[in-house]
Structure formats: structure tokens, C-alpha cells
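Listed below, chain by chain, are the residues.
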Amino acid sequence: MTSATTQILPPASNSGLQQPRDDLPSLWRDVAGRDNWAGMLDPIDPLLRAELMRYGEFAQACYDAFDFDPYSRYCGGCKYTPRCFFESLGKGTLATRSRVTSTPPWTSLLARHGDRSGKDCRPDGGPAAGARRGIPTPDRSVKVMAGFVNLYTDKNTADRYSKYSVREQVLAEVRRQVLRYAEERGEEVSISITGHSLGSALATLSAYDLAEERVLPVTVYSFAGPRLGNESFKDRFEKALGLKCLRVLNVHDVVPTVPGVVINEDTPGLLRSAGALIPWSYWHVGVKLALDYRRSPFLQDTKFDFFGFHNLETHLHLLDGHHGTGRSFAMVSGRDPALVNKSLDFLKEEHMVPPKWRQDANRD
């Protein structure tokens, strides 16, 4: 399942989720990465933490609204309409548009990345050129993993929910909201995009696409996202387009280490330069905020709970208690640690929280 959301600031409604703090209007440029979050990460700035958690909860809402019930006639769909999406989840903000992928995206990703036809990806199975899939870029050296591009640009005209691609829907909605706020009301507008896991990859790709389309400040708040493209993609993302991306990750989570396990942004010296020429080299974009589940006194000390390491609720819990290098874990928002066990069995037994407790009847 993909969890990715886009918000245009100012939002259509100023209510719901964690409320934006009163000092956000005067400091939003810093929170959006004007100086690449210099001096805001260690120790973590309280306003930045609050905004990261707010955006993380937007992405978590996508998971909470997904119908996982195999006995439901709507299994694989969204339980709520855009108009009542957040309200139905006990959060009062407004969703202007939503899209649900009923087929698990990783199925499509694996199948399409193995396509050796040369149409949608390079014949060697490496990253695909974005321009070949309808994402305009003047730099032909920019490459992005074929599976991510396909998920972003593919559509199914026989399915009313997938009649238009993610790309078409995002661009159309952003244009509509920019027209509403910037052109009709004369307000200063920025775009913030968030996502978790594969949703993080799609959020990053969407930000790149939006930046190529128009000149607007765009920031990505990424949670547990994989690498997306090659070094040329990273350079164009950060330097040519001036995009900002803050990547929140658990250092024990394997997803942010792929693809590009061998050749990536951390590969040293000559090996990195030589590796850039092969198709399996991938670079992260943006700035990293590293969290460690072992810092939380609430979580089990385990080496093998890969779902727990990757889960978005785990990241939000760690973010809530994170203060910086060498500082004690102390939760500040009042967020209930029990949320970690919403779909996991990751809390220590001494806290007496049942595993995988969430049902619609128990969601509050």
C-alpha cells in the first residue's frame, strides 16, 4: 500500500490533525528547508518536530482509511470520500482529492522493474529515463527507477479510480489549488508533499515533476523512503531545481538502504565515481534525520522485527521522543505510545497494550 499526500500551504482548512503552531507563519520558510535545516536537527527544533509529526499523521491517515478487510466488498479501496476523509478519522482538516491503489504497489514495482523490453526501462533493467515516461526534464542523464516512474504515470481506463494516473491527478489538483490561492487571492503559496515507504518515493518524484512544471517552493517530508534515482537526478533535484527534502528514517530499517546497496551516495572515492557509470547506482536526495528505535524505553529490543522498524507509527513515536544526539528520549506531544501497536506487536509487554489492536470500533 502506498501512503502519500500533498498539501498546499495555506491549506484549504486550518483545522484538524495536530494544529499548526502560532509561530509557524513567521518561520515556515525555515521549517520548509530554506537553509537545508541547518541548526534545526541536532538538537531538533520543536517547531520542526511538530510539523514533521503533523505531516506524518497526514500519511498515517491514508493507512487508517484503507480497507484491509478481505471480507469487505470494498477491500483494497478507501473507506471514506475526500469530503469526509479526515473528519471520519477524527481529524478535522479537508482533503480536496484522494486516490487509492487497490493492487499492492510492490507487485507492480517488481514486475515492471524486471521488464527488459526497453520500452519502460533500460534494456539492462536499470533506472528509466524520466522523459521517456512523460516526466519532462531537459537533462537526459537523469534516471529514475522504472518501477517508480511506472507507478506514477500508469493508468487504467477500465477502473474509475485509476482512469487518470497519479501524475495527472496530482498536477491537476495542484494547478487548481494554486489558481485558487495564488492567482485569485494573491497569497504566497508553497507546496509540501509527504509520504511513507513507497509513498515517499512517489512524493519525491512528484516534487521533482512539479518543480519542472512551474517555479514554486516545493518541500518533501519523507518517512522511511527508498532511494529513487541516480546521481544526476540528485544533482538536478537539489541544485538545478532547488528542491528540499527532509528524510526521516529509523537506522535499523532496511528500506532506506535500497536500491543501491553497493553503489550509493555513501560509497567512497574512486569506487563511487566508477560506480556512477553502472545502472545499479542510486543516490538519496536531501537531508537525513536519523532515529533509533533502541532509544525508546517503550519498544522491544529486537533485531528482527522488520515491520516494526519500518512502520510509520514507529517513526512518529520515535520522532515525538527524539531530542538530539546524546539526549534522553522524552515524548513531548502527548501522543499515546499505544499507537505503535495499532498494527504491530512492538511495545514491551509491561505496558499492557494488546498487539494489533486497531479496529474501526476501537479507533479512538
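Conventions we followed
Residues numbered from 1 in each chain as written. Predicted model: local features only at pLDDT ≥ 70, side-chain atom pairs only at ≥ 80, totals over all residues. Heavy atoms only, no water. Buried < 20%, exposed > 50% of the residue type's maximum accessible area, 1.4 Å probe, protein only. Helix = DSSP H or I, 4+ residues; strand = E, 2+ residues; numbered from the N terminus. Pairing = 2+ DSSP bridges. Right-handed = clockwise from strand over helix to strand, strands pointing away. Axes fitted to C-alpha atoms, helices over the stretch in contact; angles between N-to-C directions. Parallel < 35°, antiparallel > 145°, perpendicular 65-115°, else oblique. Contact = heavy atoms within 4.5 Å. Nonpolar A, V, L, I, M, F, W, Y, C, P; charged D, E, K, R; others polar. Salt bridge = Lys/Arg side-chain N within 4 Å of Asp/Glu carboxyl O. pLDDT = per-residue confidence, 0-100. Left-handed = near helix turned anticlockwise from the far one by under 90°.

## Concerning the pairing of strand S7 (residues 287–291)
Move 1: Side chains of S7 alternate between two faces, with Val 287, Leu 289 and Leu 291 buried and Lys 288 and Ala 290 left unburied.
Move 2: Two elements, strand S6 (residues 244–250) and S7, share five bridges in a ladder whose sense is parallel. Bridge pairing links Leu 246 to Val 287 in S7.
Move 3: Regarding topology, helix H9 (residues 269–275) serves as the crossover connection from S6 to the parallel S7, and that connection is right-handed.

## Thoughts on the pairing of strand S4 (residues 190–196)
Move 1: Burial of S4 is extensive: seven of the seven residues sit out of reach of the surface.
Move 2: Along S4, one buried face is formed by Ser 190, Ser 192, Thr 194 and His 196 and the opposite face, lined by Ile 191, Ile 193 and Gly 195, is buried too.
Move 3: For S4 and strand S5 (residues 218–223), the ladder comprises six bridges, and the chain directions are parallel. Bridge assignment links Ile 193 to a residue of S5, and that residue is Val 220.
Move 4: As a crossover connection, the stretch from S4 through helix H7 (residues 198–213) into S5 is right-handed.

## Digging into unusual backbone geometry
Move 1: With an omega of 5°, the peptide bond running from Asp 42 to Pro 43 counts as cis.
Move 2: Secondary-structure assignment places Pro 43 in the loop between helix H1 (24–31) and helix H2 (46–64).
Move 3: Each neighbour pair has its own omega, and for Val 258 with Pro 259 the value is -20°, a cis peptide bond.
Move 4: Here Pro 259 is to be found in the loop between S6 and H9.
Move 5: The phi dihedral of Asn 36 is positive, around 55°, even though this residue is not glycine.

## Some points on the packing of helix H5 (residues 146–153) against H7
Move 1: Across the interface, H5 lies against H7 with an axial gap of 10 Å and an inter-helix angle of 75°. When the axes of H5 and H7 are compared, the pair comes out roughly perpendicular. On the side of H5, the interface is formed by Phe 148, Val 149, Leu 151 and Tyr 152, while H7 contributes Leu 198, Ala 201, Leu 202, Leu 205, Ser 206 and Asp 209.
Move 2: Looking at the contact of H5 with H7 residue by residue, the classes come out as eight nonpolar, one polar and one charged.

## So, the pattern of salt bridges
Move 1: This structure, assessed with the given rule, holds 19 salt bridges.
Move 2: With a closest N to O distance of 3.8 Å, Asp 235 and Lys 239 form a salt bridge. With Asp 235 and Lys 239 both in helix H8 (residues 231–240) and four residues apart, this pair spans about one turn of that helix.
Move 3: Take Lys 239: its relative accessible area is 65%, and that puts it in the exposed class.

## Brief notes about the confidence of the model for the chain
Move 1: Scored by pLDDT, the chain has a mean of 83; 81% of the residues are at 70 or more.
Move 2: The low-confidence segment residues 100–132, where pLDDT is below 50, has 69 contacts with residues more than four positions distant or belonging to other chains.

## Points about the packing of helix H6 (residues 166–183) against H7
Move 1: Running from amino to carboxyl end, H6 crosses H7 at an angle of 55°, the nearest separation of the two axes being 11 Å. For the element pair H6 / H7, the angle class is oblique. Where H6 crosses over H7, the handedness of that crossing is right-handed. Two secondary-structure elements touch here, H6 through Arg 167, Val 170, Leu 171, Val 174 and Arg 175 and H7 through Ser 206, Asp 209, Leu 210 and Glu 213.
Move 2: Among the residues making up the contact of H6 with H7, the classes are represented as four nonpolar, one polar and four charged.

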